Amino acid sequence: AAFRHIDQLVAGDVVNFTTAAGVIEYTVTGTQIVQPDALWIVNPTDTPTATLFACHPPGSTRQRIVVNLELS
């Protein structure tokens, strides 16, 4: 349910992660739709990034929506 509306995120939006160390701010760099076997979406990167993903369309396992973020 937490990612139910990630399809509404667009490049430039800010996403905050709250941790024990404080709030960490990331900026959305893009969104894409991929097949469920696209495991490369979780590969490590050379720079601080985050990747959000969920089933797409909602309630279906047909595809995944992927939102890429970079540390602000």
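Above this note sits the structure.
Residues numbered from 1 in each chain as written. Predicted model: local features only at pLDDT ≥ 70, side-chain atom pairs only at ≥ 80, totals over all residues. Heavy atoms only, no water.

Asker: Would you take a moment to explain the sheet that holds strand β3 (residues 49-56) for this structure?
Answerer: Hydrogen bonds between backbone groups are what pair the strands of a sheet, and the pairing can be parallel or antiparallel. As summarised here, the arrangement of the four strands in space is β1-β2-β4-β3, forming an open sheet in which the pairing is antiparallel. Each edge of the open sheet carries a strand with a single partner, namely β1 (14-19) and β3. Averaged over neighbouring strand pairs, the angle between their axes works out to 35 degrees when direction is ignored. The pairing of β1 with strand β2 (residues 22-34) spans six bridges and is antiparallel. Looking at the pairing, V15 lines up with Y26 of β2. (Pairing = 2+ DSSP bridges. Helix = DSSP H or I, 4+ residues; strand = E, 2+ residues; numbered from the N terminus. Axes fitted to C-alpha atoms, helices over the stretch in contact; angles between N-to-C directions.)

Asker: Looking at this structure, how should I read the side chain of R64?
Answerer: Within the secondary structure layout, R64 lies in strand β4 (residues 63-71). No salt bridge is formed by the buried R64; the nearest opposite charge belongs to D37, separated by 8.9 Å. Apart from residues lying up to four places away in sequence, R64 is in contact with Q32, I33, V34, Q35, P36, A54, C55 and H56. (Buried < 20%, exposed > 50% of the residue type's maximum accessible area, 1.4 Å probe, protein only. Lys, Arg positive; Asp, Glu negative; His and termini not counted. Salt bridge = Lys/Arg side-chain N within 4 Å of Asp/Glu carboxyl O. Contact = heavy atoms within 4.5 Å.)

Asker: What should I look at first to understand the environment of A21 in this one?
Answerer: With respect to the helices and strands, the residue A21 is situated in the loop between β1 and β2. In the structure, A21 is positioned 33 residues away from A54 in sequence and 26 Å away in space, judged by C-alpha atoms.

Asker: What is the right way to read the pairing of β4 from this model?
Answerer: Looking down a regular strand, the side chains alternate between one sheet face and the other. Looking at chain direction, β2 and β4 are connected through eight bridges and run antiparallel. Bridge pairing in β4 links T31 to V67. Hairpin connection between β3 and β4: a loop of six residues separates the two successive antiparallel strands, and G59 in this loop has a positive phi of roughly 85 degrees.

Asker: Whenever I open this one, the nonpolar core confuses me. Can you help?
Answerer: Note that soluble globular proteins tend to have their nonpolar side chains buried in a common cluster. One finds I6, L9, V15, Y26, V28, A50, L52, A54, I65, V67 and L69 forming the largest nonpolar core, which totals 11 residues. Listed by contribution, the elements that provide at least two residues to this core are β2, β3 and β4. Leaving out residues up to four positions away in the same chain, A54 has contacts with F3, I6, Q63, R64 and I65. (Core = buried A, V, L, I, M, F, W, Y, C linked by side-chain atoms within 4.5 Å.)

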